[in-house]
Amino acid sequence: MRSVCAMTALLSVCSSTSLRSSAFIPRAPFLSLPFRRDLSCSKLRLARSISTAAAAVKARAGGGRPLMEVRAAQSGEIHVIVGPMFAGKTTALIRRVQAEAATGRTVALIKSDKDNRYGLDSAVTHDGTKMACWALPKLSSFQDKLGTEAYDKVDVIGIDEAQFFDDLYDFCCKAADHDGKIVVVAGLDGDYKRNKFGSVLDIIPLADSVTKLTARCELCGHRAFFTLRKTQETRTEFIGGADVYMPVCRQHYLDGQIVIEATRIVMEVERSTVTHALK
Ligand SMILES: Nc1ncnc2c1ncn2[C@@H]1O[C@H](COP(=O)(O)OP(=O)(O)O)[C@@H](O)[C@H]1O
Ligand SMILES: Cc1cn([C@H]2C[C@H](O)[C@@H](COP(=O)(O)O)O2)c(=O)[nH]c1=O
Ligand SMILES: [Zn+2]
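Residues numbered from 1 in each chain as written. Chains lettered and ligands numbered in written order. Predicted model: local features only at pLDDT ≥ 70, side-chain atom pairs only at ≥ 80, totals over all residues. Heavy atoms only, no water.

Peer 1: Explanation requested: the side chain of Asp189 in the structure shown.
Peer 2: Along the chain, Asp189 turns up in the loop between strand 7 (182-187) and strand 8 (209-212). Within the structure, the side chain of Asp189 is placed 3.5 Å from the backbone nitrogen of Gly83, a separation counted as a polar contact. Once you skip the residues sitting within four places of it in the chain, Asp189 turns out to touch Val82, Gly83, Pro84, Asn195, Lys196, Phe197, Val200, Leu201 and Lys212. (Helix = DSSP H or I, 4+ residues; strand = E, 2+ residues; numbered from the N terminus. Polar contact = N/O pair within 3.5 Å; in protein donor to acceptor, adjacent residues only side chain to side chain. Contact = heavy atoms within 4.5 Å.)

Peer 1: Help me out: how do you make sense of the pairing of strand 11 (residues 226-229) in this one?
Peer 2: Every regular strand shows the same layout, with side chains that alternate between the two sheet faces. Side-chain alternation along strand 11 places Phe226 and Leu228 on one buried face and Thr227 and Arg229 on a second face that is also buried. Bridge analysis of strand 11 against strand 12 (residues 245-248) gives four bridges, and the strand direction is antiparallel. Along strand 12, the bridge assignment pairs Arg229 with Tyr245. (Buried < 20%, exposed > 50% of the residue type's maximum accessible area, 1.4 Å probe, protein only. Pairing = 2+ DSSP bridges.)

Peer 1: Where do I start with the coordination of the zinc ion (ligand 3) in this structure?
Peer 2: Each donor-metal-donor angle would ideally measure 109.5 degrees in four-coordinate tetrahedral geometry, or 90 or 180 degrees in six-coordinate octahedral geometry. Within the protein, Cys217 (SG), Cys220 (SG), Cys249 (SG) and His252 (ND1) serve as the donor atoms for the zinc ion (ligand 3), at 2.1 to 2.3 Å. Geometry at the zinc ion (ligand 3) is tetrahedral, judged from the four donor atoms that bind it and their angles of 98 to 118° at the metal. Owing to a relative accessible area of 4%, Cys217 belongs among the buried residues under this scheme. For Cys220, a relative accessible area of 32% puts it in the partly exposed group. (Donors = N, O, S within 2.8 Å, 3.2 Å for Na, K, Ca; no water. Tetrahedral: all angles 85-135°; square planar, octahedral: opposite > 155°, others 65-115°.)

Peer 1: When you look at the layout of surface pockets in this model, what are you seeing that I'm missing?
Peer 2: Empty space among the atoms becomes apparent when a probe as large as a water molecule is rolled across them. Quantified by volume, the largest pocket comes out at close to 460 Å³. Taken together, 33 residues make up the lining of the largest pocket; nearest its centre are Met85, Lys89, Arg117, His126 and Glu161. Mapped onto the lining of the largest pocket, the elements with two or more residues apiece are helix 5 (89-102), strand 7 and strand 11. Element by element, the count of residues in the lining of the largest pocket is highest for helix 5, at three residues. For the lining of the largest pocket, a count of residues per class yields 13 nonpolar, eleven polar and nine charged. (1 Å grid on protein atoms, 1.4 Å probe; cavity = no way out; pocket = protein on both sides within 12 Å on 5 of 7 lines; lining within 4 Å. Points joined across faces, edges and corners; volume = space filled by probe spheres on them. Nonpolar A, V, L, I, M, F, W, Y, C, P; charged D, E, K, R; others polar.)

Peer 1: So what exactly am I meant to see when it comes to helix 9 (residues 250-278) here?
Peer 2: Residues separated by three or four positions in an α-helix point in the same direction, a consequence of the helix having 3.6 residues per turn. Its 29 residues place the ends of helix 9 42 Å apart at the C-alpha level, agreeing with the 42 Å of an ideal helix rising 1.5 Å per residue. Contacts made by the buried residues of helix 9 are with strand 11 and strand 12. (Expected span 1.5 Å × (residues − 1).)

Peer 1: What is the right way to look at the site of ligand 1 in this model?
Peer 2: Taken together, the neighbourhood of ligand 1 is formed by 13 residues, with Phe86, Lys89, Thr90, Thr91 and Glu218 sitting nearest. One of the side-chain nitrogen or oxygen atoms of Thr91 is found 2.5 Å away from an oxygen atom of ligand 1. One nitrogen or oxygen atom from the main chain of His126 is found 2.9 Å from an oxygen atom belonging to ligand 1. The fraction of the free accessible surface of ligand 1 (580 Å²) that becomes covered by protein chains is 72%. When atom positions are compared with the pocket grids, ligand 1 is found to occupy the largest pocket. Counting residues per element, the shell around ligand 1 draws most heavily on helix 5, at three residues. (Near = heavy atom within 4 Å. Areas by Shrake-Rupley, 256 points an atom, 1.4 Å probe, with all protein chains shown as cover. Sits in = over half its atoms within 2 Å of the grid points.)

Next comes the structure, spelled out in C-alpha cells:
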C-alpha cells in the first residue's frame, strides 16, 4: 500500500512540475528516463526533478535523509575489461582512465593491496607502464581514505585486479547507481583452473559494456584465452608474473594441464620412494 501511495505521489510531483513545463515532454516519461551523461539541459533538469521527486517520496516514506543524498543527479556507468593474464587489461584500464582525465574529469585508480608485485603506490603493466593508484584491502575503504568531499569530486574510478575484491558488486552498485560515477573495472574472469575468479563475473549484469581481451599463446602465438599456472601451487590466489603464469590457447591449456598433472604424479612417486627408502 505504501509503495502504491509513493508511486502515485511521485507521478503527481513529476507531472505537476517539470514535465508539464518542459518543451521536451516525452509521451511516456518513465520509458525515457535519461541515461546518457551528455544530456541536454532540459533533459538534465527533467532527470534532476525526477531524482528530487523520488527523494521527496523516499523522505516522506520515512527515509529521513537529506534530499540530495538519496541519488546523484547524473547517471553513472560501469565498464568491465576481462581476459587472461598478459592480455592488456591494465594497459586498457590506464588508457581509459587517463583519457577521461584528459577531458577534464577527476579520476582515481584503485588496485588490490594483495598485488604487491611492483610496490603499492602504482598500477604497473607487464611492460612497465605505470599510473599512481590507491592500493586497498577492500573497496569500501576508498571513500574513507579519500574523505567525503574528495570522493564527491571524483568522476571516474578505475579498479585493477578486481578479482581480489570481495565487495566489488556492492561497491560498483553504489558508485554508479547512487553516486553517479563512471567505474572502469579490469580483472581476471577466470583463475588458472578456468573457474570464475572472485566477483568479476557477478558484475556483468550491472555493466554498460564488457570487453574480453586476449593475449598471445606463449607456445604457438595464436590467441590466448586462458592463464596456465606453471607451478604445483594450488591456492586460488597466488601473486606472480611470467615466472608463474603464461597465457595459452585452448589446445596448449589442455596440453599444459596434462604436463602439470604428470609432473605432480612423478613428484609424488619420487617422494614416496624416498620416504620408503629412509624407513
Ligand atoms: N608472456 C608475456 N610475458 C611478459 N609480458 C608479456 C607477455 N605477453 C605480453 N606481455 C606484455 O604485457 C603487456 C600487457 O600487460 P598488462 O596490460 O599488464 O596485461 P594484463 O593486465 O592483462 O595482465 C603486453 O602489451 C605485452 O607487452
Ligand atoms: C590466473 C591467476 C592469477 N592470479 C594472480 C597473478 C597476478 O598476481 C594476478 C593477475 O595479474 P594480471 O594483471 O592479470 O596479469 O592474479 C591468481 O592469484 N590466481 C590465478 O589463478
Ligand atoms: Zn597455443
